[in-house]
Structure formats: structure tokens, C-alpha cells
Amino acid sequence: MANKQHWIQPHPEGIYVAPADLWIDPAKAVDHAVITHGHADHARSGHGAVSATPDTLAIMALRYGVDEEAPTSAAFAHGDGFEKGGVKFSFHPAGHVLGSSQILMEHAGERVVVTGDYKRRPDPTCAAFEVVPCDIFVTEATFGLPVFRHPPTREEIAKLIDTVEAHPDRCVLVGAYALGKAQRVIGELREMGWDKRIYLHGALMKMCDLYKARGVDLGELCAVGDTPKEDMAGHIILCPPSALNDRWSRRLPAPITAMASGWMRVRQRARQRNVELPLIISDHADWDELTQTIQDVDPSETWITHGSEDGLLRWCELNQRKGRALRLIGRVEEEGE
Amino acid sequence: MRAFAALIDRLIYTRSRNIKLQLIADYLRETPDPDRGWALAGLTDALDFPAVKSAMVRKLAMTRIDEELLRLSRQFVGDTSETVALLWEPRTSKPVVAEAADASISISAAVDQLTATTRASAPQVMEQLLDSLDVNERYALLKLALGGMRIGVSARLAKQAFANAFDVSIDDVEELWHALKPPYAELFAWAEGRAEKPDLSTTPFFRPFMLAHPLEEKIVDLAEHVAEWKWDGIRVQVAHDKDANGKAETRIYSRGGEEISRSFPEILAAFDQHAVIDGELLVRGDAQGGAERNDSAASFNALQQRLGRKTVSKKMLEEAPAFIRIYDLLALNGEDLRPLPWSKRRAKLEKFIPQLPGSHFDISQLIDAADFGALGELRDGARDSAIEGVMLKRRDSPYVSGRKTGLWYKWKRDPLVADCVMMYAQRGNGRRASFYSDYTFGCWTDDGELHPVGKAYSGFTDEELKMLDRFVRQNTTNRFGPVREVEKQLVLEVAFDSIHESKRHKSGLAMRFPRISRIRTDKPAEEADMIRTLQAMVT
């Protein structure tokens, strides 16, 4: 199926849906964008009209100051959708972060699903991934190599709790991406019974407030701000990854640096980041989830958007599945997780 | 294997030396023999299984995973052991007892199997082992089997941890270390007070080096002290002994007690006397020792290409032939000479030296100076050669390990200095992780461009570090990953021991031991030194 003839057209800057004249997660400003989720490498500012879930719109409004009530933007709950140019669009949970969706498109008797980013494991802060049968499955492949097998989340959270409890005079500083990862770590800690106050770097406050306002219970949170050092001993503190080794951390009581990311699976990666406590917690599907999902969805073609495309493509080949790498640009590999 | 896997995982992520020492010491105390001995051998890279090589492991992995996926994974991870540990899919699910601490196979059982295996049976043995372990244990096993831990633990650190664990002297541990074979049962028995100190009389064991204090402002009396040149190579010890059957063995040790025999086969071959010497390892050249003699040595740079090699090519042996300039004689014909005063040892050394081939061994000459002032003049005159300075040794000093006050002094030449401009900065490690503490600096070309001449991360106080860190943050013009480029305006006075030609830097120069000696906020960047000035200092 040649690129030009098909009604779904992958371009380096995003996926163009020709009959509807709109883009999915475009890297440039367009007239009409359908957005899978609020991470900056998928949701950019400056679009004319935006179609997304209410949560994603709220996140974009917070990040870009866009008015979510703007007449040009349209919010669709999971299961709902719209029709444009003969294409029927609908939103289905992707399990990645709050509001994240797969986009199902039906046109000319063909069903196409674009996953955006997704994971299969339970996450207390967002709706679980749904298998949506389709003909063409457009999947991410952030962890598209067999070395990436995330351990059970509870084991990783238990490591975090054990560490902070073993050092009552210190704190554990966890680097976590501001949207999704931070709230997930907090949510998982609460599920494991950690009910102490959790301190946050200022840059994480607003997004956590948004999660709370939209009904996700995160327990007691407090900005580090001017809190006296000794008050934070024995506590867990979250910050964006960039602040882990920054001057900011000098105000904390002898922090043990941790980082919550799927990349922590690889020891040298963790070492490069000066991480003392790597926590393998990811909001992306690992190798087993990626390959299982392709089998569950059982499409006739698999298109791979970003990550380790070569690995997943090779798996498709070995399993006699038609696969194709799209090589989209601008997807952040490291921090954007 | 579980406890060992947990230990190396913790060591990988720990930057603090003290915590590393404590982790290893705790492990050694808590783990039974012979597992702890094998673990210690693994940490110090003392294990070798000839039948188990990384090509074999890769081939084995291909029975479980597609070759292309393995290649892509290896490329991403950058380490064969870790790649295979991560993607190995055990054929059978783990037994239910996996929760118990002793569920996994012991290190000694694994070592026994790997030792007993042949090239033909190795894949099968390794396969069974990998199938019985979890992902972290697989990593530990593969690192143990293939060597090259690269987890930031030197042999010296492991020995120190051993000494700490059992409250024994590090000198004793150093001496016993190379005489014993893994899993070091006698060493543990002695350290725990269960046995006598093992007898070393037939082994070429390592004697901890005697070191010197910097002389600083002191003046010493040359009637009491003898002076000799401080050659700029690496300090080594060559030990030769015979076992009960008369079988001889020679070993070369570095200052840290690591055995480096394999890097210098010509020295091993040339040393056939029942003796232990302390000397400077050098390569032939004309930078040290003066051109009037035909036994001069090359600069440290030339030696560097010989260091850290497991095999040495013929070409290398011809291009950079090594020899040892002997300082001291520590044992002769089985007699320990270390308790003797230096003057007696020196007399024995002078008598002994003709028995060694002059092609590979000579004696470090004493400096003939009338008094301390005259010695100072000689020291400063040595500037044109790559000699580091002068050593002063008390004539009556026994050979004792470490730095003992009042016995030996090193009197380095005053360092060279240059005014350089800060160009780039990078964060440090550990305690300094939040500070930009590593600086690249440059000097001016004739065309008015700045070219880097070196990198330094020491020489400043904590207060100065804060000031430098602030300067970097406020004057960043560009970022390349972890590196920040800064506004070219801060002049740093850099002190260094010597400067050499080097292809590694754009300026064509490389400094030895550069450190920041002063921050010259008073000096405009345009007035920093020229590359040309530095070229004139090249030795």
C-alpha cells in the first residue's frame, strides 16, 4: 500500500488524515489537530482547532494557556467522537497518562487505530488501555527492544519505600516527568499505603493540582518551597528530572537521588544520570506489552511511529506480520517518557 | 548468587567511596566461604574461565533470541553481559521457592561448573545456569564469568574493604593477596583469627610501597639525607621467587598493588634473580636523563601507550622498549631487606645490579650536591628534562609501607604556570554533582583564536568552587549535552608539572597534572597566555 494512495498519510511532522484534512499529534501548528495526550512532543501549541478528551484539553490549557472552552476546540469523552470528511473519529483509553487516548478512524470500510503513547499495566491515575480491533494499527515503540521488560511496579515502589525508611535522616528525591509520571508515582505510593506527606518541586505543583481537580486522589502534597531542611528528612520528594542534580537540590536533607523511568532498566543509563536508586517505572508499554498488544489487536498491518522502530519491525517480520516504520520527527526519547 | 547480585547492583549506583567500602565489608562478613572468596575475586577481576568468552555467550543468546534483535539490543545497551542478562528468557518458569534467599544457585557452585567446563560443554553449562537465575543474578553471573565488572571498584578498594571488614592491616592484606588464590580461604581464616598468617616464603608476593611526603618549605641536611632524581614514569615492584620444587615466577606490581606483568613481557623475561626490587618503569627515549648518556628515558607520554595492555605487539616492543631504573632492593635470596637502613640496602643494591642485564635495568644515580642550596640549583636546572623533581631519603630509614613522617620527601620542581581562559564547564560527581567543577581552558593562537589546552577540576577551595559555579551559570552561551560553553572572559592561572605535544587536542599540547592555582578576575581575557608561549615549555 503506497503512501500516497492511502487516506492516512504519515509525514515526518505527524499523521495527516487526508479526507478529513486534519492532523494527529502534529509537530507544527495546523488548522485542525486531533491530540492523543498532553505531553509536549504530542500536544503542541498554536493549532486552530483541537479535538481531544476533556482531560487532555485541560492539560493543554494549563500548559499553553489555551482556553479549553474555546469554540474551536472540542472535547470528547472516551467512546465518543465526531465525523469529518467521511471519516468517523472516536477516542479510546490508552492508559498512558490522564486523558490519553487512542484514535480510531473508520473510513471506506477500513479501521485505523493510532495509539499515541500507551501502556497495558494498571495505573491509578488514568483509564486502562482498551484493545480496539482494526485493520491498520499505528503503534509507538519507545521500548521496542527485548531488553526492556519492566518489572512489576509494586516491586519498584517497595524499593522506594524501603530506601526512605532505611534512611530516616535523609530524603529520597525522585526525578519524575511533570505530566503523568509524577502523579503515577504518587498514586502507586498511596496504593501501597504510603500516607505521609509527599513534597514536590514547584514545577510539579500545578499538574498535580489539575489531577486532583479532575478527581484523582493524590493524598497530602506540599511544595518544597522554603520548608526547613530537617522537616523533609524521612520524606519522599518529587522533582522534574532536570532538577535532580541542580542547585535546587542543595536545600534538601542529604538527598538520595532516584529516577522513575523505563530507561533505568539499563544500568549505564542510570549511572550517566548520577542516579543512586533507579526505579523502573514507565508509562510506555515494554517489549512484552508491545508484542502482546499487536497480537491482541491482530491488525493486517502494523505501522510504527517512534522509538526503537527497528526492533519492533524485526519482530513483525519474524512473526510474519506486515510492518512499516514511519520515522516521525520530534518525538522526545529521554525526558518525554 | 542473589546476595552478590544485590551487592554489585548497589555498588554500581553508589558513588561514595565510604559507602562502597561498607557495602563490600558487610557482604564479606555476612557471606560464608567459599562464596565470599569467589565474590572478592570477581570484584578484583581475578577470575578467568578460558572456556567462557563473550562470543560464546552471544552465540548462546542467539538460541533464544533472533540475531538481529540481539544486535540491535547490544548496540543500545553497549555491554554484552547486560544485554544477554536482560533479554534471556528462561525456558522454565522459576520455581516457587524463589522468594527464599538461598533459592538461587551459590556462586561457588556456578564457579565450579564454569571451571570444570570445556569449550564444547560451556554453552550447555551456561544455558542451565542462566535458566536458573533472575535478571539481576544473570547479570552478576555473566560479569563474573566474562570479567570486566566496570563497577567503580578497584582492587585496592576491595582490599581496603576486606581489611575494614575484619579489622586487619591493609599492608598485611596487600602482602598476602597475590600469594593466595581464589577463593582465599586461608586469607579469611587468618583475618577471622581462625588460623596463622599464611606462609609466603615461596611466592613473589607484593610488598606495599614506601611513599614520600612533599617537602614543602622544609630544609633537610644532606648529611642525613641522600638525594636522587624523581623519574617521571610509573613506580613498580618486580618480585621473583621459587616454590618448593624450584619453579620460579616473576611478577610486576603497580603502586596500587595491581599485577601488571602481562603488559611488560620483556621485563619479565629479563629478570631472573631471586630478588625483589623497587624502581621506576620507563621507556627508552631522550627526554629524561640527559642526551650525554645513552641510557636516557622518554617522557611519560611515551610510556602511556604501554600501560593497561593485556597483550603487547612486537611493534610496540620495538617502538617503546621498557626498562626499569632501580631505586631500592627489598629482598635478596629470600632474605627480607626492608628492616635494614637505606644505606645498607643501597650497598647491597649496588653490588647486586651487575647481575641484571643492563638492557632492561639500571640504577637510579644519587645526586652529588655539596649542600641543600646546591641541590636546589640542580633541581631547577633539570627543567629541560622531564624529571619530576628530587627525592630525599633518610640514610638510616628502613623500608616501611605508606608515608611515614620524616623519612622520605619528594621535592617536586615548582610547577609551570600559564594564564588560560575558561572555555567549557561540566558538572562533577558525587558531592559535586550539582556544581560545574570540571573546566576546559584555552590559550590564544597567533590568529587570535582560543584553542583548548587542558582540563582541570582541582586546586580551588569550596568558596572558589561556588564562585566558579556561579560564573558558569551566569555566563553560559551554549550547551552540548552535559557541557556548557561559557563567555570567554574568565582567566584561570593553571599550574602543571610539564607539558607535552599531543595529537588529542586541537592546540597540539597536553598538560600533566593541571590544576587551577588562582582565579585571575583581575586580568582581562585578552592578556591570557599564547599557545606559542606554552609550546616553548614543551619537554
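Residues numbered from 1 in each chain as written. Chains lettered and ligands numbered in written order. Predicted model: local features only at pLDDT ≥ 70, side-chain atom pairs only at ≥ 80, totals over all residues.

### Notes on the overall build of chain B
- The secondary structure content of chain B amounts to 19 helices and 21 strands.
- Against the globule reference of 24 Å for 539 residues, chain B gives a C-alpha radius of gyration of 27 Å, in line with a compact fold.
- A burial count over chain B gives 37% of its 539 residues as buried.
- Across chain B, the fraction of contacts at a sequence separation of at least 24, relative to all contacts at a separation of at least 6, is 69%. (Helix = DSSP H or I, 4+ residues; strand = E, 2+ residues; numbered from the N terminus. Rg over C-alpha atoms; globule rule 2.2 N^0.38 Å. Buried ≥ 20, exposed ≤ 12 C-beta atoms within 10 Å, placed from the backbone. Contact = placed C-beta atoms within 7 Å.)

### Examining the confidence of the model for chain A
- Mean pLDDT over chain A stands at 92; residues scoring 70 or higher make up 94%.
- Long-range and interchain partners of residues 333-337 of chain A, a stretch whose pLDDT sits below 50, account for 14 contacts in this model, where long-range means more than four residues apart. (pLDDT = per-residue confidence, 0-100.)

### Quick word on the sheet that holds strand β3 (residues 225-230) of chain B
All names here are of chain B.
- Taken together, four strands build an open sheet; the order of strands is β2-β12-β10-β3 and the sheet is mixed. In the strand order of this sheet, the two ends are held by β2 (213-214) and β3, each with one partner.
- Strand direction decides the pairing type here: strand β10 (residues 389-394) and strand β12 (residues 408-412), joined by five bridges, are antiparallel. Residue L392 lies in a different strand from β12, and its bridge partner there is Y409. (Pairing = 2+ DSSP bridges.)

### A word on unusual backbone geometry
Residues and elements named next belong to chain B.
- Cis geometry marks the peptide bond from D33 to P34; its omega dihedral reads -5°.
- Following the sequence through the fold, P34 ends up in the loop between α2 (17-30) and α3 (35-43).
- Cis geometry marks the peptide bond from P182 to P183, where omega comes out at 5°.
- By the secondary structure assignment, P183 is in the loop between α11 (170-177) and α12 (185-191).
- At N333, a position not held by glycine, the phi torsion is positive, near 50°.
- Of note, the phi angle at F513 is positive, near 50°, even though the residue is not glycine.
- Here F513 lies in the loop between β20 (509-512) and β21 (515-520).

### Looking at the confidence of the model for chain B
All names here are of chain B.
- Mean pLDDT for chain B: 88, with 95% of residues reaching 70 or above.
- Mean pLDDT across the elements of chain B bottoms out in helix α14 (residues 300-304) (75) and peaks in helix α16 (residues 342-352) (97).
- Below pLDDT 50 for its whole length, residues 95-101 participates in three contacts with residues either more than four positions away or in separate chains.
- For this predicted complex, the interface confidence comes out at an ipTM of 0.92, alongside a pTM of 0.79.

### Looking at the sheet that holds strand β4 (residues 32-34) of chain A
All names here are of chain A.
- Taken together, the six strands give an open sheet; going across it, the order is β1-β2-β3-β4-β5-β6, and neighbouring strands pair in mixed fashion. Edge strands, defined here as strands with exactly one partner in the open sheet, are β1 (8-11) and β6 (74-75).
- Here three bridges tie β4 to strand β5 (residues 49-52), and the two strands are oriented parallel to one another. Within the sheet, the bridge partner assigned to V34 lies in β5 and is S51.
- Strands β5 and β6 of the sheet are contacted by helix α1 (residues 54-64), whose axis makes an angle of about 135° with β5. (Axes fitted to C-alpha atoms, helices over the stretch in contact; angles between N-to-C directions.)

### Points about the domain arrangement of chain A
Residues and elements named next belong to chain A.
- Under the domain assignment used here, chain A contains domain 1 (8-147 + 284-325) and domain 2 (153-279).
- Each of domain 1 and domain 2 was reduced to a C-alpha centroid, and the two centroids are 29 Å apart.
- Of the residues in the side of domain 1 that touches domain 2, the class split is eight nonpolar, five polar and four charged. (Domains from an automatic or database assignment. Nonpolar A, V, L, I, M, F, W, Y, C, P; charged D, E, K, R; others polar.)

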